[in-house]
Amino acid sequence: MNDAAKTNPPLDAVIIGAGFTGLYQLWSLRKLGLRVRVVDAAAGVGGTWYWNCYPGARTDSPSNIYQYWFSDELLEEWNWQQRYPDQAESERYFNHVADRFDLRKDISFNTRVDAMSWDDATSRWNVKTNTGETLNTQFVITALGPLSAPLVPPFKGHETFKGRLVHTARWPREGVDLKGKRVGVIGTGATGIQVVQTIAPEVERLTVFQRTANYAVPMINPRYNDADRTAIRAQYPETRKAIWTTFAGFDQQSQTRAYFSIPAEERREILETLWADGTLKIWVGAFNEIFFDPAVSDEISEFVREKIRARIVDPKVAEKLLPKDHGFGTRRVPLENGYFTSFNRPNVDLVDLHATPIECITERGIRTSAGEIELDVIILATGFDAGTGGFLAMDIRGRNGVSLREEWKKEVRTTMGLQIHGFPNLFTTSAPYAPAAAFCNAPTCLQHQVQWITETIDYLRKHGRAVIEPTAETEQRWLTQHDEMANQTLVAKTKSWYTGGNVEGKHFRLLSYIGGLPAYIEACDQVKQKDYEGFEVA
Ligand code: NAP
């Protein structure tokens, strides 16, 4: 920790998290002349891309839209090596950004916020860290990322396992030697898929424990040379405009024609073209009706099942791998390269947990209802307590000592995912009920949120105001509108981390605003244009 933190002068802003959002928020608030401190539990920058260093981790958003737009110099000098950067490349990017803009001097690493409380008398926050410090600040901005609290299912016998047990989001930085080992992977979400396809060739035996079969689209991941990068850079003016205008913050516009207005043969051709694109276009850059219309969802889901079926040699294994209990795109669709064909390898087994559930973890491995499977390493690719988990890890007390944990036990509430009534001067990013919580290319939505927060703080300062908080009525209006829209969708009816359905006892409600990014940006702009109508500004 550096000297500035030790002496602990009053701050204008504390940012929690030094990942994608936190770094940009620091850069932005510094430009306003604020005294800012970032704290992060990790030993380095990168957030998600620091922690998730498991084998095969890489983005599912192409590098041209998984980056910052605030600096032309940065856009010009950073050379992406491939369409979909792996964890190491992403982490290098964040380190470069931190060094390039001299951000580290304002970051306390290895520092976790345990608690924070609002002091009504001074209208300031006191933020307590695990290092024993209290940071006194006017504003707090949480930049936790939606997926920062790993979910470890309470398997019986967890602690008895004599081998190595690791969660993908806490993967040891020094790596885990899997060569020649008997490895079990629990979970077949985006993470499990990447782990399985990466380690299958190197381990002696791989057992994949699947509860819900998942759709996935084949990734095409070209390496870039200088000519590619020049061509991509030439597109940047269009790309940086396009991302704000699409439903989910990607750079591809969805189809404007209604799905069933297109003749069947042409629909098939379109789906084939989308499939061959090697991106998530078939999900978030094609027909938004898949989120609302069961008939559209059925047809596209069947198309994808057909594609998966064709790649698996054993028809019995194929049947187990085909998702049938939810529509394509109602859960987060991962990209894959080699996941499904891993099950054609003689050293890979699939355990269908619907048929043979896990009973417990034993000293030697995992016992399902069909018997014990001996393992040297168990990999938990079991996901996250999304959206809320990062907040609930801290004891946050707002006005009159009200506890966010207690409030959110009753109901998770935010205003536009940016502020919470009763918690003044607390700005939240990637919190529930904004697209950034889930339903967006995260960098696009998070950069928008950082800009809104920065402009709001700038507004307060320019108008000689010190405190901002949404009214209870504004918050209720946002939630009502959110629910009305969400409840028309198939996504809101599907069990996944999008709806809190992956966490035992969590309220079932779509976490993410699903009206599309342009509508969300418009709502945020309206607030600014109307001088924060619906917010108490003092
Ligand atoms: P996830 O999508 O929530 O998947 C967790 C997996 O663990 C699911 O298959 C789940 O089964 C299983 N699971 C959880 N608890 C279990 C239990 N008690 N018993 C058996 N199985 C259990 O989590 P994730 O794969 O870590 O991905 C989360 C999100 O992170 C992704 O959707 C994506 O947004 C992001 N991510 C992105 C990338 C990328 O960009 N390439 C890569 C990784 C992650 P059920 O489905 O039955 O609950």
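Small disclaimer: the values here were computed from a predicted structure and weren't measured.

K.L.:
So what's going on with the overall build of the chain? Which residues, and what values?
P.N.:
Counting secondary structure elements, the chain contains 18 helices and 20 strands. At 23 Å, the chain has a C-alpha radius of gyration in line with the 24 Å of a compact globule built from 538 residues. In terms of overall dimensions, the chain has a C-alpha envelope of 70 × 60 × 50 Å along the principal axes. Considering only residue pairs separated by 6 or more positions, the chain has 71% of its internal contacts joining residues 24 or more positions apart. Surface accessibility of the chain: about 21300 Å² in total, with carbon and sulfur atoms responsible for 50%. Each charge sign in the chain was given a centre, from 61 positive and 67 negative side chains, and these centres are 3 Å apart.

K.L.:
Give a description of the pattern of salt bridges that names residues and reports values.
P.N.:
Charged atoms that come close allow side chains of opposite charge to pair. With the rule as written, the count across this model stands at 39 salt bridges. As a salt-bridge pair, Asp 99 and Arg 104 come within 2.7 Å of each other at their nearest N and O atoms. The class for Asp 99 is partly exposed, based on a relative accessible area of 48%. Its salt-bridge partner being Asp 114, residue Arg 112 comes within 3.3 Å of it at the nearest N-O pair. With relative accessibility at 30%, the residue Asp 114 sits in the partly exposed group.

K.L.:
Which residues make up the side chain of Asn 221, and what values go with them?
P.N.:
When you line up the elements, Asn 221 lands in the loop between strand 10 (217-218) and helix 7 (226-234). Looking at Asn 221, its side chain comes within polar contact range of the side chain of Gln 82, at 3.2 Å. Polar contacts involving the side chain of Asn 221 include one to the main-chain amide nitrogen of Arg 83, which spans 3.3 Å. Non-local contacts of Asn 221, meaning those with residues more than four positions away in its chain, are made with Arg 58, Gln 82, Arg 83 and Tyr 84.

K.L.:
I'd love a proper account of the sheet that holds strand 8 (residues 182-186), names of residues and values included.
P.N.:
One open sheet accounts for five strands, arranged 7-16-8-9-12; its pairing is parallel. Among the strands making up the open sheet, the edge pair consists of strand 7 (164-167) and strand 12 (348-352). Neighbour-to-neighbour, the strand axes of the sheet open up by a mean angle of 15 degrees, direction not taken into account. Strand direction decides the pairing type here: strand 7 and strand 16 (residues 377-380), joined by four bridges, are parallel. When the bridges of strand 16 are listed, Arg 164 appears paired with Val 377.

K.L.:
Run through the packing of aromatic side chains, naming residues and quoting values.
P.N.:
All told, the structure shown has 41 aromatic pairs when counted by the stated rule. Ring geometry for Tyr 68 against Tyr 93: centres 5.9 Å apart, planes inclined by 25 degrees, an arrangement best described as stacked. One end of the pair, Tyr 68, is in the loop between helix 3 (48-51) and helix 4 (72-77); the other, Tyr 93, is in helix 5 (residues 87-100), and 25 residues separate them in sequence. Judged by centre distance (6.1 Å) and plane angle (65 degrees), the ring pair of Trp 478 and Tyr 520 falls under edge-to-face. One end of the pair, Trp 478, is in helix 17 (residues 472-486); the other, Tyr 520, is in helix 18 (residues 517-529), with 42 residues separating them in the sequence.

K.L.:
So what about the site of the ligand? Which residues, and what values?
P.N.:
In the vicinity of the ligand lie 24 residues, with Arg 58, Thr 191, Arg 211, Thr 212 and Trp 497 positioned nearest. In this structure, an oxygen atom belonging to the ligand sits 3.1 Å away from a main-chain N or O atom of Ala 190. Contact between the ligand and Trp 497: an oxygen atom at 2.8 Å from a side-chain N or O atom of the residue. In isolation the ligand exposes 900 Å². Once the protein is present, 86% of that is buried. Ranked by the residues each element gives to the shell around the ligand, the list is headed by helix 6 (residues 190-199), at three residues. Along the lines of polarity and charge, the residues of the shell around the ligand split into 10 nonpolar, nine polar and five charged.

K.L.:
Could you give me a rundown of helix 16 (residues 442-462), with the residues and numbers involved?
P.N.:
Residue pairs three or four apart in sequence face the same way in an α-helix, which turns once every 3.6 residues. Look at helix 16: 30 Å from first C-alpha to last across 21 residues, which is about the 30 Å you get at 1.5 Å a residue. The buried fraction of helix 16 is high, at 15 of 21 residues. Remark: Gly 464 follows helix 16 within two positions and exhibits a positive phi of approximately 60 degrees.

K.L.:
Account for the sheet that holds strand 13 (residues 358-361), with residues named and values stated.
P.N.:
Taken in spatial order, the three strands make up an open sheet running 13-14-15, and their pairing is antiparallel. Of all strands in the sheet, those bounded by a partner on one side alone are strand 13 and strand 15 (371-374). Recorded for the sheet is a direction-independent mean angle of 25 degrees between the axes of neighbouring strands. Both strand 14 (residues 365-368) and strand 15 contribute to a ladder of four bridges, which runs antiparallel.

K.L.:
Requested: an account of the packing of helix 9 (residues 264-276) against helix 11 (residues 294-309), with residues and values cited.
P.N.:
Viewed as axis vectors pointing N to C, helix 9 and helix 11 meet at an angle of 55 degrees, and their least axial separation amounts to 11 Å. One finds that helix 9 runs oblique with respect to helix 11. Crossing of helix 9 against helix 11: the hand is right-handed. In this structure, helix 9 uses Arg 267, Arg 268, Leu 271, Glu 272 and Trp 275 to contact helix 11, whose residues at the interface are Glu 299, Ile 300, Phe 303, Val 304, Glu 306 and Lys 307. Its residues assigned to classes, the contact of helix 9 with helix 11 shows five nonpolar, no polar and six charged.

K.L.:
Any chance you could break down the packing of helix 16 against helix 18 for me, citing the residues and the numbers?
P.N.:
Taken N-terminus to C-terminus, the directions of helix 16 and helix 18 make an angle of 0 degrees; their axes are 11 Å apart at the nearest point. Relative to helix 18, the element helix 16 is oriented roughly parallel. Between helix 16, through Thr 444, Cys 445, His 448, Gln 449, Trp 452 and Glu 455, and helix 18, the contact on the second element is made entirely by Leu 517, Tyr 520, Ile 521, Cys 524, Val 527 and Lys 528. Here the residues of the contact of helix 16 with helix 18 sort into seven nonpolar, three polar and two charged.

K.L.:
Can you explain the nonpolar core? Please cite residues and give values.
P.N.:
Counting 155 residues, the largest nonpolar core has Tyr 68, Leu 206, Trp 283, Phe 328, Ile 379 and Trp 452 as its most contacted members. Per-element tally for this core: the top contributor is helix 16, with eight residues. Beyond its immediate stretch of four places on either side in the chain, Trp 452 contacts Met 416, Leu 418, Phe 427, Cys 524, Val 527, Lys 528, Tyr 532 and Phe 535. Core analysis: the second largest hydrophobic core is formed by 12 residues, Phe 155, Phe 209, Val 351 and Ile 366 among them.

K.L.:
Which residues make up the environment of Gly 33, and what are the values?
P.N.:
Looking at the secondary structure, you find Gly 33 in the loop between helix 2 (20-31) and strand 2 (36-39). Separated by 153 residues in the primary sequence, Gly 33 and Ile 186 place their C-alpha atoms 47 Å from one another.

K.L.:
Any chance you could break down unusual backbone geometry for me, citing the residues and the numbers?
P.N.:
Although it is not a glycine, Ser 123 sits at a positive phi angle of roughly 55 degrees. Tracing the sequence through the fold places Ser 123 in the loop between strand 4 (113-119) and strand 5 (124-129). Classification of Ser 123 by relative accessible area gives partly exposed; the value is 25%. If you check the backbone angles, Ser 430 has positive phi at about 50 degrees while not being a glycine. Tracing the chain through its elements places Ser 430 in the loop between strand 18 (426-428) and helix 16. The buried category is assigned to Ser 430, whose relative accessible area is 2%.

Reading the values: the criteria
- Residues numbered from 1 in each chain as written.
- Predicted model: local features only at pLDDT ≥ 70, side-chain atom pairs only at ≥ 80, totals over all residues.
- Heavy atoms only, no water.
- Helix = DSSP H or I, 4+ residues; strand = E, 2+ residues; numbered from the N terminus.
- Rg over C-alpha atoms; globule rule 2.2 N^0.38 Å.
- Contact = heavy atoms within 4.5 Å.
- Areas by Shrake-Rupley, 256 points an atom, 1.4 Å probe, with all protein chains shown as cover.
- Lys, Arg positive; Asp, Glu negative; His and termini not counted.
- Charge placed at Lys NZ, Arg CZ, Asp CG, Glu CD.
- Salt bridge = Lys/Arg side-chain N within 4 Å of Asp/Glu carboxyl O.
- Buried < 20%, exposed > 50% of the residue type's maximum accessible area, 1.4 Å probe, protein only.
- Polar contact = N/O pair within 3.5 Å; in protein donor to acceptor, adjacent residues only side chain to side chain.
- Pairing = 2+ DSSP bridges.
- Axes fitted to C-alpha atoms, helices over the stretch in contact; angles between N-to-C directions.
- Phe/Tyr/Trp six-rings, centres within 6.5 Å; stacked < 30°, edge-to-face > 60°.
- Near = heavy atom within 4 Å.
- Nonpolar A, V, L, I, M, F, W, Y, C, P; charged D, E, K, R; others polar.
- Expected span 1.5 Å × (residues − 1).
- Parallel < 35°, antiparallel > 145°, perpendicular 65-115°, else oblique.
- Left-handed = near helix turned anticlockwise from the far one by under 90°.
- Core = buried A, V, L, I, M, F, W, Y, C linked by side-chain atoms within 4.5 Å.

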